[in-house]
Amino acid sequence: MADNAPHTHPNALSDMDVRVRALETLLVQKGYIDPAALDELIDTYEHRVGPHNGARVVARAWSDPAYKEWLLRDATAAVGEPGGFGFVGRQGEHLIALENTPQVHNLVVCTLCSCYPWPVLGLPPVWYKSAPYRSKAVIDPRGVLADFGVSLPAQTEVRVWDSTAELRYLVLPMRPPGTDDFSEAQLAALVTRDAMIGTGIVTLPRSAGAQA
Ligand code: FE
């Protein structure tokens, strides 16, 4: 909508939002982009592609040793090929899966900007793109984990992986104990976006199956 009123908006846009909107308006006016196509793209990544995709990948890896082996050997294929999940698309061309173990915890960042595996996780959260996360993840990864309420044993090594335009990472979190009889769908429901970035771990909700 055109807005020619004096600009005294109570909730003014950030400089970046203003720049993005100006750029979008310009591109539409010059006919370089189709607003309907843009809306479709945004809808796709806001509603259809999201962490539920990655959660299914993780749940399968937990349930099927052969699939896990494939995922760790060639995540691009195990996630993208029809024999895997067929999750392909922008920002997911070369994917590497990083397995968390009691010895090693993996944490993913993009220090340069916001590279992120869209086909499995959707759009990156705002904090992932923020300067504090991008710098602190490298300088003080345990501090970042503490910010997210995660405390790991002192002997666990924290490895930080810097995403690029060529390489995206998916963390394969540890399967929580007490889930031996869970179906893939039940497992997938436990897997959070943050656990697949490495800023979270997967836990059982207190009400569910605590008898293990
Ligand atoms: Fe980036």
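To start, this report covers the structure provided alongside it. Owing to the predicted nature of the structure, the values given are computational and were not obtained by experimental measurement.

### Looking at the overall build of the protein chain
Of regular secondary structure, the protein chain possesses eleven helices and four strands. For the protein chain, the spread of C-alpha atoms along the three principal axes comes to 65 × 40 × 35 Å. For the protein chain, with 212 residues in total, the buried portion stands at 37%. A sequence separation of at least 24 residues applies to 66% of the contacts in the protein chain between residues at least 6 apart. About 12,400 Å² of surface is accessible on the protein chain, with carbon and sulfur atoms providing 57% of the total. Put simply, the protein chain has 18 plus and 24 minus side-chain charges, and the middle of one group is 3 Å from the middle of the other.

### Some points on the environment of proline 125
Turning to its location among the elements, proline 125 is positioned in the loop between α6 (118-121) and α7 (126-129). A relative accessible area of 9% places proline 125 in the buried class. Placed eleven residues apart in sequence, proline 125 and serine 114 show a C-alpha to C-alpha distance of 9.4 Å. The residues touching proline 125, leaving out its near neighbours within four places in the chain, are Tyr116, Arg193 and Ile197.

### Some details on the coordination of the iron ion
Every protein donor of the iron ion is listed here as Cys110 (SG), Cys113 (SG), Ser114 (N), Cys115 (N) and Cys115 (SG), and their distances to the metal cover 2.1 to 2.8 Å. Read in sequence order, the donor residues coordinating the iron ion give the pattern C-x2-C-S-C.

### Side note on the pattern of salt bridges
The full count for this structure, using the stated rule, is six salt bridges. A salt bridge links glutamate 99 to lysine 68, with the shortest nitrogen-to-oxygen separation between them at 2.6 Å. Linking glutamate 99 in strand β1 (residues 95-99) with lysine 68 in helix α4 (residues 65-73), this pair joins segments that are 31 residues apart in sequence. On the basis of relative accessible area, glutamate 99 is assigned to the partly exposed category, the value being 30%. Residue classification places lysine 68 among the partly exposed positions, given a relative accessible area of 27%. Between lysine 136 and aspartate 147 there is a salt bridge, and its shortest N-O distance comes to 2.8 Å. Here the residue lysine 136 occupies a position in helix α8 (residues 131-139), and aspartate 147 occupies one in helix α9 (residues 141-147), the gap between them amounting to eleven residues. A residue is classified by how much of its surface remains accessible, and lysine 136, at 28% relative accessible area, is partly exposed.

### A few points about helix α1 (residues 15-29)
For α1, spanning 15 residues, the distance from its first C-alpha to its last is 21 Å, which sits close to the expected 21 Å at 1.5 Å a residue. With its phi angle positive at about 80°, glycine 31 sits one or two positions after the end of α1.

Each value, and the rule that gives it
Residues numbered from 1 in each chain as written. Predicted model: local features only at pLDDT ≥ 70, side-chain atom pairs only at ≥ 80, totals over all residues. Heavy atoms only, no water. Helix = DSSP H or I, 4+ residues; strand = E, 2+ residues; numbered from the N terminus. Buried < 20%, exposed > 50% of the residue type's maximum accessible area, 1.4 Å probe, protein only. Contact = heavy atoms within 4.5 Å. Areas by Shrake-Rupley, 256 points an atom, 1.4 Å probe, with all protein chains shown as cover. Lys, Arg positive; Asp, Glu negative; His and termini not counted. Charge placed at Lys NZ, Arg CZ, Asp CG, Glu CD. Donors = N, O, S within 2.8 Å, 3.2 Å for Na, K, Ca; no water. Salt bridge = Lys/Arg side-chain N within 4 Å of Asp/Glu carboxyl O. Expected span 1.5 Å × (residues − 1).

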